Amino acid sequence: QVQLVESGGGLVQPGGSLRLSCAASGTIFRINNMGWSRQDPGKQRAFVAGISSGGTTNYADSAKGRFTISGDNAKNTVYLQMYSLKPEDTAVYYCTANILKGPSDSWQAYWGQGTQVTVSS
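Residues numbered from 1 in each chain as written. Predicted model: local features only at pLDDT ≥ 70, side-chain atom pairs only at ≥ 80, totals over all residues. Heavy atoms only, no water.

Colleague: Give me the lowdown on the sheet that holds strand β3 (residues 18-26), citing residues and values where you can.
Modeller: The sheet built from 4 strands is open, its strands ordered β1-β3-β8-β7 with antiparallel pairing. This sheet does not close on itself; its edge strands, each paired only once, are β1 (2-7) and β7 (67-72). Each strand axis lies, on average, 15° off the axis of its neighbour in the sheet, ignoring direction. (Pairing = 2+ DSSP bridges. Helix = DSSP H or I, 4+ residues; strand = E, 2+ residues; numbered from the N terminus. Axes fitted to C-alpha atoms, helices over the stretch in contact; angles between N-to-C directions.)

The following block contains the structure:
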């Protein structure tokens, strides 16, 4: 089994910062991409940021200049550092990873359970 466990969400005032973490564990042979998406109530889940195993990053327009994604391949962990948070950043943030469980298996996408981020004064 594979698990993605997020942490670091919470309540923060507008203009504040938060750092989310996501650790993948279980039967893992290789990970090629990890990332973050978020979902507001009543809306579809939306991409926020992603990072490849080689360190290439990409961001949604809403995250550029304010969020930084980074990873630790040795720990199968991805981080999302968020600065200058706005009320519209309020959402449940989900971690995702493309994982190969064995050399003969197929790549599969896994999701974490989500962590709530609330930006409010």
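Colleague: Report on the pattern of salt bridges, specifying residues and quantitative values.
Modeller: Tallied over the full model, the rule gives 4 salt bridges. Two residues, Arg38 and Asp89, come together in a salt bridge whose shortest N-O distance is 3.0 Å. With a gap of 51 residues between them, Arg38 in strand β4 (residues 30-39) and Asp89 in the loop between β8 (77-82) and β9 (91-100) connect regions that are remote in the sequence. Of the two residues, Arg38 and Asp89, neither departs from the other in class, the shared state being buried. Salt bridges here are not isolated pairs; linked through shared partners, they connect Arg38, Arg66 and Asp89. (Salt bridge = Lys/Arg side-chain N within 4 Å of Asp/Glu carboxyl O. Buried < 20%, exposed > 50% of the residue type's maximum accessible area, 1.4 Å probe, protein only.)

Colleague: So what about the pairing of β7? Which residues, and what values?
Modeller: A regular strand carries its side chains on alternate faces of the sheet. When β7 meets β8, the two strands line up antiparallel, connected through 6 bridges. Bridge assignment links Ser70 to a residue of β8, and that residue is Tyr79. The turn linking β7 back onto β8 is made up of 4 residues, and Asn76 within it adopts a positive phi angle of 50°.

Colleague: An account of the side chain of Ser21 is needed here, citing residue identities and associated values.
Modeller: Secondary-structure assignment places Ser21 in strand β3. Residues within four places of Ser21 in sequence aside, it is in contact with Val5, Glu6, Ser7, Trp36, Val78 and Tyr79. (Contact = heavy atoms within 4.5 Å.)

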